[in-house]
Every structure is written in structure tokens, then in C-alpha cells.
Amino acid sequence: MTTKPVPHQNPYGERISLELAKEMAIAGEAYATKQGWNATIAICDDGGHLVLLHRMSNGQFGSVELTIAKAYGATAFRRSTGIFHDDLGAGKFNTFWHLRQEAAIPLEGGYPIIVGGRVIGGIGVSGVGAAGLADGDSQVALAALEVVKGK
């Protein structure tokens, strides 16, 4: 029997601090504001527990649960939730997804937060994609992740 190698996954590290989560949310909001977007940003720790939820003033309340799910999924699987979105579109989802769909949310906008090669949490963004901008949630999340570059 031949087995395929498991793709490299960063190990978990020390959990994200509230201070760093706040810095990331501020950066994400600044980017969204510059674009004229409203977003909801969730940041969880290395165990998938919510550390910060930031809903911009005119952000839709329907995004709250989605953004938390994106942050959780990115942390749980240590990869972007966009991968699940792409797999669903390509018809690649299997029974696994049906058993764990609350973690493997197939929407872009969720990313693991990696510092020093270790996953310290996850970020999820929602609300921009609902406005018709397919990758807007990811753009806001990636702007927030700029804060951790070089740490």
C-alpha cells in the first residue's frame, strides 16, 4: 500500500495575546475602511477559543457567526479556509466535511496566524464577500496578518 505524504503543517505555539489580536483587528479595520467596506473580524487562540470579535459599525450581524467559524476552522486545520472553498467548488468534499462542517467552513476569509513557524491562533473575516467582493474578506484578513510579519 502506498501512502501520500501529509502536507507540512506548522505546529501549534504559544497562544496569541489580546494585545496582538487588537493590533490585528485595528489593521484589518483600517484596510476595510480605506476600501469603503464594512467587515467583522474574529481572532481565536491556538485552541480555537475566541479572543476578540470586532464588528465594524455598519457590519452585518449575520457575519458574526461566520467570522468566528472561519477563525476556528483556520486554526483547527492550520490552513486557509479558502482551501475548503476551492475543494467544494471542485467537487472534492467527502464524508469528512459533512461530519466536521462547523470547522471546515468552505468560505474564504479564514487564515491561521503563524508566528515563528507556529500557529498561535486564527483570523476570520466576513461581511465584505457578502457585498459581492469574492475575495474582500481575504483581503481584510491578509491586511491584518501584516501585523505579525517579522514577529
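Going by the structure above, here's the rest.
Residues numbered from 1 in each chain as written. Predicted model: local features only at pLDDT ≥ 70, side-chain atom pairs only at ≥ 80, totals over all residues. Heavy atoms only, no water.

1. Quick word on the pattern of salt bridges
Keep this limit in mind: Here, a salt bridge means any side-chain nitrogen of Lys or Arg that lies within 4 Å of a carboxyl oxygen of Asp or Glu. Helix and strand labels come from DSSP, where a helix needs a run of H or I of at least four residues and a strand needs a run of E of at least two; each type is numbered from the N terminus. Buried, partly exposed and exposed residues are distinguished by accessible area as a fraction of the type maximum, computed with a 1.4 Å probe on protein chains only: under 20%, between the cut-offs, and over 50%, respectively.
Under the counting rule described, the total for this entry stands at 5 salt bridges. For the salt bridge of arginine 15 with aspartate 45, the shortest nitrogen-to-oxygen distance reads 3.9 Å. One end of the pair, arginine 15, is in the segment before helix 1 (18-35); the other, aspartate 45, is in strand 1 (residues 40-45), with 30 residues separating them in the sequence. The closest approach of N and O atoms between lysine 70 and aspartate 137, which form a salt bridge, is 3.0 Å. Highlighted residues: lysine 70 in helix 2 (residues 63-77) and aspartate 137 in helix 5 (residues 136-145), separated in sequence by 67 residues. Accessibility classification places lysine 70 together with aspartate 137 in one group, the buried group. Look at the salt bridges and you will find they share partners, linking Arg15, Asp45 and Asp46 into a network.

2. Remarks on the nonpolar core
As a reminder, the rule being used: The definition of a nonpolar core used throughout is a set of buried Ala, Val, Leu, Ile, Met, Phe, Trp, Tyr and Cys residues joined through side-chain atoms within 4.5 Å.
By size, the foremost hydrophobic cluster in this structure holds 23 residues, and its most contacted members are Ile16, Met24, Ile43, Ile113 and Ile123. Within the residue set of this core, elements represented by two or more residues are helix 1, strand 1, strand 3 (110-115), strand 4 (118-126) and helix 5. Top element by residues in this core is helix 1. It accounts for 5 residues.

3. So, helix 2
Stated precisely, the cut-off is as follows: How far a helix is expected to stretch is found by multiplying one less than its residue total by 1.5 Å.
Taking 1.5 Å per residue, 15 residues should reach 21 Å; helix 2 reaches 21 Å between its end C-alpha atoms and fits that length. All buried positions along helix 2 are accounted for by Ser63, Val64, Thr67, Ala69, Lys70, Ala71, Gly73, Ala74, Thr75 and Phe77. Remark: arginine 78 follows helix 2 within two positions and exhibits a positive phi of approximately 55°.

4. Brief notes about the sheet that holds strand 4
Cut-off, in case you're wondering: The criterion for strand pairing is that DSSP finds at least two bridges linking the strands in question. Geometry is summarised by axes, namely lines fitted to C-alpha atoms with helices restricted to the contacting stretch, and by angles between N-to-C directions that run from 0 to 180 degrees. When checking whether two residues touch, look at their non-hydrogen atoms; a contact exists if any pair is within 4.5 Å.
Pairing within the open sheet is antiparallel, and its 4 strands lie in the order 2-1-4-3. Strand pairing shows two members of the sheet lacking a second neighbour, strand 2 (50-55) and strand 3, which therefore form its edges. For this sheet the average axis-to-axis angle between neighbouring strands, irrespective of direction, equals 20°. Relative to strand 2, helix 1 is tilted by about 25°, and along the sheet it contacts strand 1, strand 2, strand 3 and strand 4. Each of strand 1, strand 2, strand 3 and strand 4 is contacted by helix 2, which is oriented at about 155° to strand 4, the strand it contacts most.

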